[in-house]
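Structural characterization, general
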Amino acid sequence: MIIGILNSGGDCPGINAVIEGYVAAAYSRGWRVIGFHDGFEGLLPVDGGRRYEVLNLNKTHKIRSIGGTILGTTNTGNFNVHMNKVGRYSISPDIMAKAKKTITALGLQALTVIGGGGSAKTAKLLSEEGLPVISIPKTINNDLCSASDYTFGFQSAVEVVSESIDRIRTTANAHQRIMVIEVMGDLSGWIALHSGISSSADVVLIPEIEFDLQNVVDCVKQRKATGQREIIVVVAEGCRLNGDIITIHNKDKGDERLGGIGNRLCHLLEEMTGIETRYCVLGHTQRGGSPCAFDRILGVRFGVEAVKLIERKEFGTSVVLKGPKVGTVSIDEAVAKPRFVQPDSQIVQTARDLGIIFGDCPPKPAATAAAETAPAQAPAKATKCKKKSKA
Ligand code: F6P
C-alpha cells in the first residue's frame, strides 16, 4: 500500500505527533507513506517539480514533541473552499482535476487530511469525487466538530495562555493595574474559558455569552474596593464589543482577520474605571512551541487510528475523541456542527461558582460573595443572572 498525508490550514502543536503515529502504524504494516508539502498545495506540481516526499521512520521518529509541522502548511491558496451559486462549497474543477491526477499518478490508496474546518470541507469535496479520504481534526480553538470532545492543539494553547497569565499577574499586581489579555479561539471561547479558570482570571469574556461592559466595570471597581491589587480580564478574539466584531484589516491583501478587541477594551476600561490598564495580545505564541503531553498522546493516537481506518477501508470518515476512546464519524458529521461553549454548561457554571464574571449580569457584591463561600454561615441565595439585551 502507498498512502498519503497532508496538513492544511493554520498549524497547531501536535501535527508532528499525528504524522509520527501515522507513519509508524503504516510501516508496521509494510506500507509506504508520502507526505505532501504546504497543505493541499502539495498536490499541485509546480513547473513539473514535485511537492511531496517519502516519509520514512527515520524522518518521523520522535518528532511528536516538536511544534509546527515538518510538512509545512498554508491557510491560503488554491484549495480554499467557496460557497457556489447553489449554496454548496466548491473548489475550482481545474484544481480538483490536477489533485486527482497527482493522487492517481502516485498510486495512492488513501489520503489523510489533518485540518481545521475549511480543510475538512475540502477533504469532504475530495471524498465526494470518489477519492479515499480520511480526516483528522486539528485546531487550537477546539471549535471543530461537535462529535469530538477535544481537538489536539487546544490543551497546548491553554497551557501557554495559563502560563502567560501567571506571568502577567505578577506585573499587574506590582503596578495595581487591570490587564486585558486577548486570546485566540476564532468565534469560540474555549481557550479563554479554560485558561481563565486555570489562571484564576477575574473576568472571562467569550463570544457565546454576550457581555455588558458596565457589568465588567462594576466588577473591577468592586474587587478593587476590597483591596485586590490586580485585575485579570481574559477576552476571546471573537467577542462582540457593543455589538461589533473587531477585526484587523489588511487593505493591501483585502483580507480581514479577528483581532484588536484587547486594545479597544483596555482603553474603555481605563476610561470607565479610572484605573491604569494595559493589554497583551498573546497571538501566535498560542499556536507555537512543543505540544503538551496530552496533545502528543492524542496526536499519535489519531495518526495510528487513521491507518486502522484505511486498513478497514472506512473512507470518508474522520477520527474523533469520545470520552477515553478514539472513535469515528463521517466527514459530513465532522464538518456539520462546530463546537461552541454552551452558556448553561457545567464548566461555565463552575467558573461562575469560582467567582469568574462573564459580564452578562451584574457582579454580586463582595459581601454576598464572601457569605456564600464562608463555611460556617448559612448559604446565601445566588443572584439570578438575567440575560441583558444588546448595548
Ligand atoms: O488556528 C486558528 C486561529 O488560530 C484563529 O484563532 C486565529 O484567528 C487564526 O488562526 C489566525 O490565523 P493566521 O495564521 O492566519 O494569523
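Please read all numbers here as calculations on a predicted model, not as lab measurements. (Residues numbered from 1 in each chain as written. Predicted model: local features only at pLDDT ≥ 70, side-chain atom pairs only at ≥ 80, totals over all residues. Heavy atoms only, no water.)

Okay, the site of the ligand next. Residues in close proximity to the ligand include Asn75, Ile140, Asn141, Met184, Gly185, Asp186, Glu237, His284 and Arg287, which together make up its full environment. Between an oxygen atom of the ligand and a side-chain N or O atom of asparagine 141, the distance comes to 3.1 Å. Aspartate 186 is positioned with one of its backbone polar atoms (N or O) 3.4 Å from an oxygen atom of the ligand. Among the residues making up the shell around the ligand, the classes are represented as two nonpolar, four polar and three charged. (Near = heavy atom within 4 Å. Polar contact = N/O pair within 3.5 Å; in protein donor to acceptor, adjacent residues only side chain to side chain. Nonpolar A, V, L, I, M, F, W, Y, C, P; charged D, E, K, R; others polar.)

Turning next to the packing of aromatic side chains. For the structure on display, the rule yields five aromatic pairs. Residues tyrosine 150 and phenylalanine 294 carry aromatic rings whose centres are separated by 5.9 Å and whose planes lie at 80° to one another, so their mutual orientation is edge-to-face. Of the two residues, tyrosine 150 is situated in the loop between strand S7 (133-137) and helix H5 (154-175) and phenylalanine 294 in helix H9 (residues 293-311); the sequence distance between them amounts to 144 residues. The class of tyrosine 150 is partly exposed, set by a relative accessible area of 24%. Between phenylalanine 152 and phenylalanine 302, the ring centres sit 6.3 Å apart and the planes meet at 70°, which makes this aromatic pair edge-to-face. With phenylalanine 152 in the loop between S7 and H5 and phenylalanine 302 in helix H9, this residue pair connects regions lying 150 residues apart in the sequence. With respect to class, phenylalanine 152 is no different from phenylalanine 302; both count as buried. Of the aromatic side chains, those joined through ring pairs into one cluster are Tyr150, Phe154 and Phe294. Sitting above the plane of the tryptophan 190 ring, arginine 339 keeps its charged end 4.5 Å from the centroid. (Phe/Tyr/Trp six-rings, centres within 6.5 Å; stacked < 30°, edge-to-face > 60°. Helix = DSSP H or I, 4+ residues; strand = E, 2+ residues; numbered from the N terminus. Buried < 20%, exposed > 50% of the residue type's maximum accessible area, 1.4 Å probe, protein only. Lys NZ or Arg CZ within 6 Å of the ring centre and 35° of its normal.)

It is worth spelling out the packing of helix H6 (residues 190-198) against helix H11 (residues 346-353) at this point. Axes are the key here: two packed helices are described by the angle between their axes and the distance separating the axes. Viewed as axis vectors pointing N to C, H6 and H11 meet at an angle of 40°, and their least axial separation amounts to 11 Å. Of the two elements, H6 crosses H11, and the hand of that crossing is left-handed. Seen from H6, the contacting residues are Leu193, His194 and Ile197; seen from H11, they are Ile347, Val348 and Ala351. For the contact of H6 with H11, the per-class residue count stands at five nonpolar, one polar and no charged. (Axes fitted to C-alpha atoms, helices over the stretch in contact; angles between N-to-C directions. Left-handed = near helix turned anticlockwise from the far one by under 90°. Contact = heavy atoms within 4.5 Å.)

On to the pairing of strand S16 (residues 317-322). Here S16 lies mainly inside the structure; five of its six residues are buried. Sheet analysis places S7 next to S16, joined by two bridges and oriented parallel. Bridge pairing in S16 places isoleucine 134 opposite threonine 317. Looking at chain direction, S16 and strand S17 (residues 325-330) are connected through six bridges and run antiparallel. Opposite valine 320, over in S17, you have glycine 327 as the bridge partner. What sits between the antiparallel neighbours S16 and S17 is a turn of two residues, in which glycine 323 has the positive phi angle 60°. (Pairing = 2+ DSSP bridges.)

A few words now on the sheet that holds S7. Read across the sheet, seven strands follow the order S3-S2-S1-S6-S7-S16-S17 without closing on themselves; strand pairing throughout is mixed. On the outer flanks of this sheet lie strand S3 (52-55) and S17, each paired with one strand and no other. Each adjacent strand pair in this sheet contributes to an overall mean axis angle of 30°, direction not counted. Examined bridge by bridge, strand S1 (residues 2-8) and strand S2 (residues 32-36) share four bridges and lie parallel to one another. Counterpart to isoleucine 5 in the pairing with S2 is glycine 35. On top of the sheet, H9 reaches S1, strand S6 (110-115), S7, S16 and S17; it is set at about 140° to S16, its chief contact.

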